[in-house]
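Descriptive structure summary
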Amino acid sequence: MSAEVMMEFLNECSLESRLGFFVASHCAPVLKGIKVSNIMTSERGTWKRLVKILEGSQVLCSLLSVQKGREILLLYRYEKLREHLQKEKVRGFLEENGYEEITVAAVILRLRQRYAGYVRGSQEFPHELGVILEYPVEDVKGFITNKGKNCLAEKYWKVYHNKEQAEAVFARYDHAREAAMEEIVAGCPLREVAAAC
C-alpha cells in the first residue's frame, strides 16, 4: 500500500477507522490468526474502545499498564495463547521466571504485576513477555544473554537462533499486516478483520 493511499485514508476516515488502521498496523498477525498475541502502546482510553470494538471476534484485549497517559495493551487469541502456554519450552521458561500457575488469566495477571514493577523501577524488564508474544524461547534467552546485542537478524524481534525460520515468519507477518491494513482502508471494520480467521 502506498504512502499516498494511507495518508488520504487517514485524513478522511472516522476515528473508529483510524483506530482500526492503527491496530492493524501493529497487531495484524493476531488479527489474521497467525500469531497468539501482540503488544501495542496507545493513548489513554483506547483499551475500553478496543474491548467494545473487538466484541464478537476471537481477539481479546487486556490492559497491561497505564503510564504517562499511554496504555500498554496485549491483544491475544485466548485459545491459541492457552495452547502456546502449554508448550514444554514456553511453560518451562515461564516457570523459571516465577510463574507458578500457567493459565491465560494467571500469566496475564503475573505479567501485569511484573510490568508494573518494571515501570516503577523496582524490577527489570519482564523478558518473558517475548515468550508470551510467541518469540522463540531460544531468541528470548539469546536476547537476555547478549543484552540485546549481536543478533543475527532483527525485525519483529531480535533473532539469535534459526535466522531462516525467523525471516519466513517475518514475511508472513508482513503479508498479514498489508492484508489487514488494506481491508481497513477498503472499509472493513476491525471486528470483521479479526473475525475473518
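All of these numbers come straight from a predicted model, not from anything done at the bench. (Residues numbered from 1 in each chain as written. Predicted model: local features only at pLDDT ≥ 70, side-chain atom pairs only at ≥ 80, totals over all residues. Heavy atoms only, no water.)

1. Some remarks on the overall build of the chain
Applicable threshold: What counts as a helix is a DSSP run of H or I of at least four residues, what counts as a strand is a run of E of at least two, and both are numbered from the N terminus. Here the radius of gyration uses the C-alpha set of atoms, whereas the globule reference equals 2.2 Å times the residue count to the power 0.38. Only protein chains enter the accessibility calculation, which uses a 1.4 Å probe; a residue is then buried when its area is under 20% of its type maximum, exposed when over 50%, and partly exposed in between. By the convention used here, residues are in contact when the closest approach between their heavy atoms is within 4.5 Å. In short, Shrake-Rupley with a 1.4 Å probe defines the accessible areas, and a residue's cover is counted only from the protein chains shown.
Counting its secondary structure elements, the chain contains 10 helices and five strands. Taken over the C-alpha trace, the chain has a radius of gyration of 17 Å; the compact-globule value for 197 residues is 16 Å, and the two agree within 12%. Taken along the three principal axes of its C-alpha coordinates, the chain extends 50 × 35 × 30 Å. Looking at the 197 residues of the chain, the share that counts as buried comes to 42%. Sequence separation of at least 24 residues holds for 53% of the intrachain contacts in the chain that already meet a minimum separation of 6. As displayed, the chain has an accessible area near 10700 Å², and 51% of this comes from carbon and sulfur atoms.

2. Examining the pairing of strand 2 (residues 59-67)
Where we set the bar: One bridge is not enough; two strands pair if DSSP finds at least two bridges between them.
Bridging between strand 2 and strand 3 (residues 70-77) involves eight bridges; their strand directions are antiparallel. When the bridges of strand 3 are listed, L60 appears paired with Y76. Where strand 2 folds back on strand 3, the antiparallel hairpin that results is connected by two residues, among which K68 adopts a positive phi of roughly 50°.

3. Topic: the nonpolar core
Cut-off, in case you're wondering: To define a nonpolar core, start from buried Ala, Val, Leu, Ile, Met, Phe, Trp, Tyr and Cys residues and group those joined through side-chain atoms within 4.5 Å.
V23, L31, L50, L54, L75 and L190 are the most contacted members of the largest nonpolar core, which totals 26 residues. Elements with a contribution of two residues or more to this core: helix 2 (15-31), helix 3 (46-54), strand 2, strand 3, helix 9 (163-185) and helix 10 (190-195). Among the elements that line this core, the one with the most residues is helix 2, at eight residues. Ignoring sequence-local partners within four residues, the contact set of L50 consists of L19, V23, M40, C61, L73, L75 and L190. Counting 23 residues, the second largest nonpolar core, distinct from the first, contains L64, L85, V104 and V131.

4. Overview of the side chain of S62
The test is simple: In protein, a polar contact means a hydrogen-donor-capable atom and an acceptor-capable atom, both N or O and within 3.5 Å, with residues adjacent in sequence counting only if both atoms are side-chain atoms; elsewhere, any N or O pair within 3.5 Å suffices.
Relative to the helices and strands, S62 resides in strand 2. For S62, a relative accessible area of 11% puts it in the buried group. A polar side-chain atom of S62 sits 3.4 Å from a polar atom in the side chain of Y76.

5. Overview of the pattern of salt bridges
Cut-off, in case you're wondering: The rule for a salt bridge is simple: a side-chain nitrogen of Lys or Arg has to be within 4 Å of a carboxyl oxygen of Asp or Glu.
This structure, assessed with the given rule, holds seven salt bridges. K32 is the salt-bridge partner of E183, the closest N and O atoms lying 2.9 Å from each other. Highlighted residues: E183 in helix 9 and K32 in the loop between helix 2 and strand 1 (37-43), separated in sequence by 151 residues. One salt bridge connects E128 with R114, and the closest N-O pair in it is separated by 2.8 Å. Taken together, the positions of E128 in helix 7 (residues 128-132) and R114 in helix 6 (residues 104-120) put the pair 14 residues apart, joining distant regions of the chain. Grouping residues by exposure puts E128 and R114 together as buried.

6. Examining helix 9
Residues that lie three or four places apart on an α-helix share one face, since the helix turns once every 3.6 residues. To be explicit about the condition: What a helix should span is 1.5 Å times the count of its residues minus one.
Taking 1.5 Å per residue as the helical rise, helix 9 with its 23 residues ought to reach 33 Å, and the 33 Å between its terminal C-alpha atoms agrees with that figure. Of the residues making up helix 9, those classed as buried are A166, V169, F170, Y173, A176, A180, M181 and I184. Where helix 9 is buried, its residues touch helix 1 (3-12), helix 2, strand 4 (153-154), strand 5 (158-159) and helix 10. A positive phi of about 105° marks G187, the residue just after helix 9.

7. Thoughts on the packing of helix 5 (residues 88-96) against helix 8 (residues 137-146)
Operational definition: Only the contacting stretch of a helix is used when fitting its axis, a line to C-alpha atoms as for every element, and angles between N-to-C directions run 0 to 180 degrees.
In the contact formed by helix 5 and helix 8, the axes pass within 10 Å of each other and the chain directions differ by 35°. Note on element contacts: helix 8 touches helix 5 through V137, E138, V140, K141 and I144, opposite K89, V90, F93 and E96.

8. So, the pairing of strand 3
Walk down a regular strand and you will see the side chains alternate between the two sheet faces. Among the eight residues in strand 3, seven count as buried, and that is most of the element. As paired strands, strand 1 and strand 3 are joined by seven bridges and run antiparallel to one another. Among the inter-strand pairings, S37 is bridged to a residue of strand 3, identified as Y76.

9. Description of the packing of aromatic side chains
As a reminder of what qualifies: Two aromatic rings, drawn from Phe, Tyr or Trp (for Trp, its six-membered ring), form a pair once their centres lie within 6.5 Å of each other, and the interplanar angle then sorts them: stacked below 30 degrees, edge-to-face above 60, tilted otherwise.
In this structure the tally under the stated criterion is nine aromatic pairs. Summarising the aromatic geometry, the rings of Y115 and F125 are spaced 6.2 Å apart at their centres and angled 75° between planes, so their arrangement reads as edge-to-face. In this pair, Y115 is assigned in helix 6 and F125 in the loop between helix 6 and helix 7, connecting sequence segments 10 residues apart. A relative accessible area of 8% places Y115 in the buried class. The exposure class assigned to F125 is partly exposed, which follows from its relative accessible area of 28%.

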